[in-house]
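# Fold and contact review
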Amino acid sequence: MESFALKRIAAVASHLTPTAPPPQQQQALSMEATASAAAASVFDHLEQAPEDPILGITVAYNKDPHPGKVNLGVGAYRTEEGKPLILNVVRRAEERLLADRSKNKEYLPITGLADFNKRSAMLILGSDSPAVVEKRLVTAQCLSGTGSLRVGAEFLARHYGVKLVFLPTPTWGNHFKVFMNAGLAVKTYRYYDNKTRGLDYEGMLEDIGAAPSGSVILLHACAHNPTGVDPTPQQWEGIRQAIRNRGHLPFFDSAYQGFASGSLDKDALAVRTFVADGGECFIAQSFAKNMGLYGERVGALSIVSKSSGVATRVESQLKLVIRPMYSNPPIHGASIVALVLGDGDLFSEWTVELKGMADRIISMRHKLYDALRARGTPGDWTHILKQIGMFSFTGLNKEQVQFMTREYRIYMTLDGRISMAGLSLKTVPLLADAIHAAVTGAKA
Amino acid sequence: MAVAVDVSRFENVSMAPPDPILGVSEAFKADTDATKLNLGVGAYRTEDLQPYVLKVVNKAEQLMLERGENKEYLPIEGLAAFNKATAELLLGADNPVIKNGQIATVQGLSGTGSLRLGAAFIARYFPGVKVLISSPTWGNHKNILSDVGVPWSEYRYFDPQTVGLDFKGMIEDIKGAPNGSVILLHGCAHNPTGIDPTPEQWEAIADELEEKGHMPFFDVAYQGFASGSLDDDASSVRKFASRGFEMFVAQSYSKNLGLYAERIGAINVILPTADLAARVKSQLKRLARPMYSNPPVHGARIVANVVGDSVLFDEWRAEMQMMAGRIKGVRQKLYEALLSKDKSGKDWSFILKQIGMFSFTGLTKSQSDNMTDKWHVYMTKDGRISLAGLNLAKCDYLADAIIDSYYNVK
């Protein structure tokens with residue numbers, strides 16, 4: 001066993017690049033191996049990776065034994081009772097699926113459930129979209145928003161000339177790694193203005209204008225994560241012109257359709273104006289939030305191109321990206337979505353449930369704002385009311401956040417983002433107390 | 001008003017060929033001939049050639065619906081109950097590796113996704129290390145390794161002369177690889193050949209890996225499906241684990257639980273200490289998060305429910321034995337049909353000796369084309385047929401097709 005381990009270490013060490021442990025370390029490993037064979041491993045150079053900055057909040061929250069803890073980290077909707085919510089339409093769709101004896105679990109095609117793809121695309125683009133009518137669209141079912149972004153990014157890394165994507169500052173933390181791991185270079189464009197707590201529109205246009213022609217521009221379709229600041233329709237038009245003037249490729253991340261305004265069509269306006277000008281774009285859709293299907297991993301990548309010929313060839317190449325990644329996507333969540341989108345009654349009910357969730361979040365915004373005003377917490381907190389979607393970008397700094405977690409068991413991301421969807425009437429006072437204490441007492 | 005550019009940015013994107021395996025089913029669907037037979041993809045069919053959803057799966061889904069479990073995000077590493085169950089199924093619950101926490105298990109997207117995580121890990125943490133794959137092997141292995149950027153080469157495996165294992169060639173090529181390479185091994189029911197090493201051969205393979213400081217990477221997609229016994233089919237993996245190898249094991253529940261479309265599997269890394277296992281797991285998570293964030297919950301819950309309930313577990317075993325038994329039955333019938341129709345004395349016994357869903361017929365590409373074009377028998381061009389797609393009623397027809405293709409097409 002000793003010599004075996006030594007051989008393995010020596011063998012693998014010989015493959016390591018110059019940045020890897022130098023030969024001296026190999027000696028050190030050998031000596032360690034002599035002392036204790038069980039400790040020697042070719043994996044010794046591995047470090048413990050830190051938890052994911054967003055999903056790790058839930059990990060930390062779960063570990064905390066304190067009964068009054070509140071999880072405002074991940075963007076997952078909670079009821080007034082603080083419980084996860086299964087939508088009624090989802091429950092009913094599942095019952096129908098289970099009762100349907102004609103259903104089986106055969107592999108989906110590589111690009112997923114055709115019915116789901118069709119309906120998802122129509123949901124974001126509108127059924128009368130020129131891209132749909134002219135067959136210039138390819139849609140592939142992917143693993144929620146993340147998977148759709150990743151497959152799109154991998155495709156671009158292979159087939160697109162400008163291997164550079166611009167992300168807004170700030171953006172969802174995972175965007176960076178998604179694009180980088182796919183092989184694209186990542187830069188940023190100005191987006192959030194700290195001083196106004198609004199959109200740095202001029203900065204955004206400047207940076208878009210300065211980006212190398214043909215760059216990929218990542219845009220949040222609505223309910224920007226984490227800031228909750230969205231461009232106005234007029235600003236969207238300016239952004240569209242700037243992007244088209246530079247020949248850039250827009251890549252939409254649509255994870256909150258229906259959550260921003262409560263209306264599915266209104267929330268799709270930005271995407272639809274881009275498609276209406278006849279240009280090309282990528283769209284990553286997620287049904288994690290708006291259908292509450294988080295863990296089922298349901299999403300879609302849509303690519304709008306100039307011609308149906310291109311669309312067909314693009315689809316064939318998407319399959320080459322997907323097949324070595326996971327072969328074909330999971331059926332359960334997509335079947336639920338296809339059923340709901342395809343049934344008039346279920347669809348109507350869904351829009352009502354969706355609005356219910358959006359409205360509850362808005363009411364939490366008001367409650368929190370009122371609670372802070374009642375406490376006389378210093379600062380202008382109107383941004384809590386103005387911000388759109390699931391999150392509030394509080395403006396709290398890292399130290400203040402850590403204080404709130406430590407002293408008040410409020411779990412949230414270090415950038416000051418809180419998931420309003422995780423609040424209830426019961427927990428608003430606690431959060432308000434925590435913010436108040438952090439702002440008035442915590443050391444900067 | 002700003003308009004978009006006139007020409008597509010993707011004008012030069014070329015048409016990719018259809019997937020060699022999954023593309024077969026698409027071609028089969030398009031065929032309108034009544035005699036058509038789909039022996040392409042490895043998906044189990046009943047005697048009526050219908051897809052099969054296991055009864056225990058229906059029961060588990062019913063339970064899940066009644067319980068009204070939520071759909072919250074799983075942790076990046078997947079459902080804890082599933083990870084525990086899958087590691088125990090693989091190694092045995094009383095295995096010291098499990099008891100000592102010497103295993104990092106991360107739920108993956110079936111076999112493919114689990115292999116992808118393992119390969120991506122190797123690319124990142126063992127840069128330059130080569131992976132050796134069998135010749136032939138499941139076609140997607142090459143795609144996975146190429147996409148993550150891991151160099152690969154082949155070791156001899158299939159001997160067309162004996163229609164058996166080229167054991168000598170295999171050992172030679174393993175010996176010839178640079179020390180510290182990764183050797184991709186099929187745990188049981190080798191795909192596409194159906195030819196598995198004997199227990200003695202497995203020991204010799206392990207000896208060679210140990211001698212060269214190679215690392216085994218097992219692809220276990222058919223546990224329970226090869227022999228009908230979960231434990232017997234895991235014996236190669238368990239043997240290597242007991243010999244102290246650091247190793248990767250990718251698992252799939254597509255076939256043995258019929259959960260093809262639910263995409264449920266796991267990547268396991270077996271290590272000398274629990275501390276190392278924790279570190280490896282944390283790094284596997286860093287690969288998964290930018291790929292799909294966290295895995296799908298539905299299939300994982302089905303597996304956890306079936307394995308976690310002794311009644312359902314026993315029922316599962318029985319259904320698995322039934323499926324493996326039906327395949328052994330068609331092998332027998334096909335063999336007898338070939339024997340009765342082919343008077344040349346050719347040895348068709350490999351049909352009986354090969355293990356699992358597939359048979360490597362030895363038919364060439366043009367002979368395989370003949371199978372499809374003339375006989376409407378759909379199979380992959382490497383000569384592989386999926387016996388899971390064959391029933392007793394079609395054995396005669398298939399025998400006719402094989403004999404015609406073998407003797408009349410060059």
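Bear in mind the structure is a predicted one, so any value in this text is a computation, not a measurement.

## A word on the sheet that holds strand β9 (residues 247-252) of chain B
Residue and element names in this part refer to chain B. The strand order across the open sheet formed by seven strands is β2-β10-β9-β8-β7-β3-β4, and the pairing between neighbours is mixed. The open sheet has two edge strands, β2 (103-108) and β4 (152-156), and neither has a second partner. Along the sheet, successive strands turn relative to each other by an average axial angle of 25°, direction set aside. Here β2 pairs with strand β10 (residues 265-270) via six bridges, running antiparallel. By the bridge assignment, Val106 is partnered in β10 with Ile267. Across the sheet, helix α5 (residues 110-125) is in contact with β2, β7 (182-186), β8 (215-220), β9 and β10; its angle to β9 comes to roughly 160°. Sitting on the sheet, helix α10 (residues 235-242) is in contact with β7, β8, β9 and β10, with an inclination near 155° to β8.

## A few points about the domain arrangement of chain B
A common way to express how large an interface is: the accessible area buried when the components associate. Residues and elements named next belong to chain B. Under the domain assignment used here, chain B contains domain 1 (21-53 + 313-408) and domain 2 (73-308). Put simply, the middle of domain 1 and the middle of domain 2, counted by C-alpha atoms, are 27 Å apart. Counting the surface domain 1 buries against domain 2, the share from its top three residues, Trp316, Ile355 and Phe360, is 30%. Where domain 1 packs against domain 2, one counts zero salt bridges.

## A word on the pattern of salt bridges
Evaluation of the coordinates by the stated rule reveals 54 salt bridges over all chains. Here Lys71 of chain B ties to Glu296 of chain A by a salt bridge, and the two come within 2.8 Å at their closest N and O atoms. Highlighted residues: Lys71 of chain B in the loop between α2 (55-67) and α3 (80-91) and Glu296 of chain A in the loop between β9 (281-286) and β10 (298-304), drawn from two different chains. Residue class for Glu296 of chain A comes out buried when judged on its relative accessible area of 2%. The salt bridge involving Glu203 of chain B is made with Lys239 of chain B; its shortest N-O contact spans 3.2 Å. Taken together, the residues Glu203 of chain B in helix α8 (residues 199-212) and Lys239 of chain B in helix α10 connect sequence positions 36 residues apart. Bridged by salt links that share partners, the residues Glu203, Asp207, Glu210, Lys239 and Arg243 of chain B form one connected network.

## Things to note about unusual backbone geometry
The amide bond that connects Thr169 of chain A to the next residue, Pro170 of chain A, takes the cis arrangement and shows omega of -5°. Here Pro170 of chain A shows up in the loop between β3 (164-169) and α8 (174-182). Positive phi, close to 60°, is recorded for Leu49 of chain B, a residue that is not glycine. As for its position among the elements, Leu49 of chain B is in the loop between β1 (37-38) and α2. One non-glycine residue, Ala189 of chain B, lies in positive phi territory at about 50°. With respect to the secondary-structure elements, Ala189 of chain B resides in the loop between β7 and α8. Residue classification places Ala189 of chain B among the buried positions, given a relative accessible area of 2%.

The rules behind each value
- Residues numbered from 1 in each chain as written.
- Chains lettered and ligands numbered in written order.
- Predicted model: local features only at pLDDT ≥ 70, side-chain atom pairs only at ≥ 80, totals over all residues.
- Heavy atoms only, no water.
- Pairing = 2+ DSSP bridges.
- Helix = DSSP H or I, 4+ residues; strand = E, 2+ residues; numbered from the N terminus.
- Axes fitted to C-alpha atoms, helices over the stretch in contact; angles between N-to-C directions.
- Contact = heavy atoms within 4.5 Å.
- Domains from an automatic or database assignment.
- Buried area = accessible area lost by both parts, 1.4 Å probe.
- Salt bridge = Lys/Arg side-chain N within 4 Å of Asp/Glu carboxyl O.
- Buried < 20%, exposed > 50% of the residue type's maximum accessible area, 1.4 Å probe, protein only.

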